[in-house]
Amino acid sequence: CVMKLANLNPDLRCRVLSAADDYEELQSRFFALGLFPGVEVKVLRSAPLGDPLQIRVGSSLLSIRKREAQWIEVEQLPS
């Protein structure tokens, strides 16, 4: 099931399927942060007002705006 990273609940593990395929500048930024197809991501929490999201990519912790997370398609992994 393909979902947007911005719509995931905390503590869900997922795998990146695509990252801003139609927006080269944003895609380059995502790739530099380690957010590229095949990598595992876990949503840790969202800020009190829902934005930004804190995610784990490998051993790195990132904060990403929800409007940017809408550009990342993921599939949920088994718990």
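What comes next is a walk through the structure. (Residues numbered from 1 in each chain as written. Predicted model: local features only at pLDDT ≥ 70, side-chain atom pairs only at ≥ 80, totals over all residues. Heavy atoms only, no water.)

On to the packing of aromatic side chains. For the structure shown, the criterion picks out two aromatic pairs. Taking the centre distance of 5.3 Å and the plane angle of 55 degrees together, the rings of Y23 and W71 count as tilted. With Y23 in the loop between β2 (13-19) and α1 (24-32) and W71 in the loop between α2 (66-69) and β6 (72-76), this pair connects stretches of sequence that are 48 residues apart. (Phe/Tyr/Trp six-rings, centres within 6.5 Å; stacked < 30°, edge-to-face > 60°. Helix = DSSP H or I, 4+ residues; strand = E, 2+ residues; numbered from the N terminus.)

Examined against the element boundaries, P52 turns out to sit in the loop between β3 (40-46) and β4 (53-57). The exposure class of P52 is partly exposed, given its relative accessible area of 32%. With 15 residues separating them along the chain, P52 and R67 place their C-alpha atoms 9.0 Å apart. Every residue in contact with P52, bar those within four places of it in the chain, is listed here: R45, S46, A47, S63, I64 and R65. (Buried < 20%, exposed > 50% of the residue type's maximum accessible area, 1.4 Å probe, protein only. Contact = heavy atoms within 4.5 Å.)

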